Each structure stands twice: as C-alpha cells, then as structure tokens.
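What follows is each chain in one-letter form.
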Amino acid sequence: ARPFPKENRMPQHAMPPTRGAGLGFRRELIEPLKAGVPDTISFFELAPENWAGLGGRSARDLRHFTERHLFVCHGLSLSLGGIAPLDESLLRRTRSFMAEHGMTLYTEHLSWCADDSHLYDLLPIPLSEKAVKWTVDRIRQAQDILGMRIGIENASYYIAPPGAEMSETEFISAIVRDADCLLHLDVNNIYVNSCNFGFDAGEFMDALPLERTCYVHVAGHYVEPDGLLIDTHGAEVIDPVWSLLAAAYRRIGGNVPTCLERDFNIPDLAALTAEVEHIARLQAAAPAAAAARRAA
C-alpha cells in the first residue's frame, strides 16, 4: 500500500481529538440545542454537501455551534465506487469547509451513488479485484485532495452484485489496506444486512480490519411487512444493535467516537440524548470488560 504522504496533510490547528458519543446535527434540533447542549453529547456530525457554501441564518447557526463544539464530516455523495469521475470540486469545497470550522475527521460510504446524475441511493460495489483497484485509486485521490486519511463506511444494501470474487469483509479489508485509509464501522448496517442476507453479524464484524476503526455509527431501522429491514435512521436503536455495538467496543475499546444517526421521525432532544447516553455507558464499560478478560 502506498503510504499517505505527510506533505499533503491538512493543518489540524491543534484541535482536540474527537471522542465520546455524538449526535447528527439536524436543523430541527438547532433551537433546542441553543437552549443548552447536553453534557453527554461530545460532538456533532454533519454532511458537508448540506452545509458548505451556505450563507444567511444557516451559516450563522452553524458557526454558533462549531465555535463551541467539535464536528465531524460524513459525506453522502462522493460515490467512491462509481464510474463517473470523482467530484474533485466537492472535495476541494469540503477541505475548505472543514478547515474553516476546525473539523478533522471525514468519512464516506463504501458504495456508489451517481452516474450521469446522483441516484439518491447507496448501491453496492462488485466484490472483485478490479473493483478493489478502482476504488482504492479513487480513495487515494480523495485523500490527496482532502489532505487527510478518510474513513470508509460499510454500507447497507438490498441486492448483492453478481460474480463475487471474494467476501465483503475481504473486499473491505483489501481496500483499507491498499488505500491506507481508515474504517468507519456502522453496526446497524451490519445488522440490517445480516438479517436480509442470512449471515452472522458478529462473525462479519470480527472479520473486518477493526484495528483501523476511526469512527462508529449506530442507528435504528424499519422492518417491512415481509420482514425486509430498511436502514432508515428513523427509529430507536434496538437491543440486538446495541449488543453488536457493545461487542465492537470489546474489540476496539471505548475511545472511538460514535455517532447516533437519526434522520427521520426525529423525536425531542431528551429522547435522543437518552440514546447518546446509552452509547456513552457502553463506551465507559469497554475498558472494564477488557480488563476483566485479561484477568481471566
């Protein structure tokens, strides 16, 4: 793997590392958050596509929070596995936006979502050696433009591309290794895919390059009448997903920043804060669990 060149790295402006439990930054929550950000929320996540370049009240509201709290960028439309040229303009805007607001972590989905135009869905990449090389080259290009290693997120999907030459975990591991990038672990996506395609979620997670984990997502999902799970981020996190998150912390420790995603059916801030507090409790329990295993 080609090492990420130091000379390309974005200045970090002595920002503290992102850690703890965070929440997606939604416009619906701005006014309640202005009244007071709960102590348990250590950072916020936003999509740069939705905020970069905005003026007026939106820009003022964002500045109000980025001056006081840590933020993480999670991209939605880079289409790392797509065949259309990589959106270098978006990457340059994102780099400037992150520097302006002191953001030091960027992640994206390991998927494709655009051809002649954006498709507004995250589609799976064929599990082939050719696709590994193609995607690695695009991640390297993105990292060079952004001036930082990025985290790639294991995505949910609803159709498996034909002609697989390797398992999904082998595919992800090869990309992380060859691109010299990081892993963004989404435990709800693993759970959703495991139910829809009939594999063991814990075994899948254990086969990922967890030592490269830089960021974690947890969320709720919707169950269709026929049993199909849809990754909506529109419901409370369920117990099997919490258990998978706890298992992840036993492997990676509790210091990896973890964000609660809630994009639809957004409840009040108190309800969201309760779920963020659950994340924080699981993070705090992780070192004790690791110590107990060593003592045994």
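Not measured: the values here are computed from a predicted model.

K.L.:
When you look at the pairing of strand β2 (residues 43-46) in this model, what are you seeing that I'm missing?
P.N.:
In regular strands, side chains alternate between the two faces of the sheet. Because side chains alternate across β2, one face comprises the buried residues Phe43 and Glu45, and the other comprises Phe44 and Leu46, equally buried. Where strand β1 (residues 21-24) and β2 come together, 3 bridges link them in parallel fashion. If you follow Gly24 over to β2, its bridge partner there is Glu45. Of the strand pairs in this sheet, β2 and strand β3 (residues 70-74) are connected by 4 bridges, and their pairing is parallel. Within β3, the position partnered with Phe44 by the bridge is Phe71.

K.L.:
Help me out: how do you make sense of the side chain of Ser156 in this one?
P.N.:
Here Ser156 shows up in the loop between β7 (151-153) and α6 (168-179). Its relative accessible area of 9% is what places Ser156 among the buried residues. Polar side-chain contacts of Ser156 include one of 3.3 Å to the side chain of Asp231. Setting aside residues up to four positions removed in sequence, Ser156 forms contacts with Leu122, Asn189, Asn193 and Asp231.

K.L.:
Can you walk me through unusual backbone geometry in this structure?
P.N.:
Backbone geometry follows two general trends: most residues other than glycine have a negative phi, and most peptide bonds adopt the trans configuration. Look at His233: it is not a glycine, yet its phi comes out positive at around 55°. Structurally, the position occupied by His233 is in the loop between β11 (229-230) and α9 (239-252). Positive phi outside glycine occurs at Asn265, with the angle close to 50°. Among the secondary structure elements, Asn265 is positioned in the loop between β12 (258-261) and α10 (269-295).

K.L.:
Looking at this structure, how should I read the pattern of salt bridges?
P.N.:
Oppositely charged side chains may form a pair once their charged atoms are brought near each other. This model, assessed by the stated rule, comprises 15 salt bridges. For the salt bridge of Arg26 with Asp263, the shortest nitrogen-to-oxygen distance reads 3.3 Å. One end of the pair, Arg26, is in the loop between β1 and α1 (30-34); the other, Asp263, is in the loop between β12 and α10, and 237 residues separate them in sequence. Look at Arg26 and you get partly exposed, because its relative accessible area is 26%. Under the relative-accessibility criterion, Asp263 is labelled partly exposed at 25%. A salt bridge links Asp180 to Arg149, with the nearest nitrogen and oxygen atoms 2.8 Å apart. Placement of Asp180 in the loop between α6 and β8 (182-186) and of Arg149 in the loop between α5 (129-146) and β7 is noted, with a sequence separation of 31 residues between them. Relative accessible area serves as the criterion here: at 12%, Asp180 is assigned to the buried category. A cluster of three or more residues bridged by salt bridges with shared partners is formed by Glu31, Lys34, Arg57 and Asp61.

Quick notes on the rules
- Residues numbered from 1 in each chain as written.
- Predicted model: local features only at pLDDT ≥ 70, side-chain atom pairs only at ≥ 80, totals over all residues.
- Heavy atoms only, no water.
- Buried < 20%, exposed > 50% of the residue type's maximum accessible area, 1.4 Å probe, protein only.
- Helix = DSSP H or I, 4+ residues; strand = E, 2+ residues; numbered from the N terminus.
- Pairing = 2+ DSSP bridges.
- Polar contact = N/O pair within 3.5 Å; in protein donor to acceptor, adjacent residues only side chain to side chain.
- Contact = heavy atoms within 4.5 Å.
- Salt bridge = Lys/Arg side-chain N within 4 Å of Asp/Glu carboxyl O.

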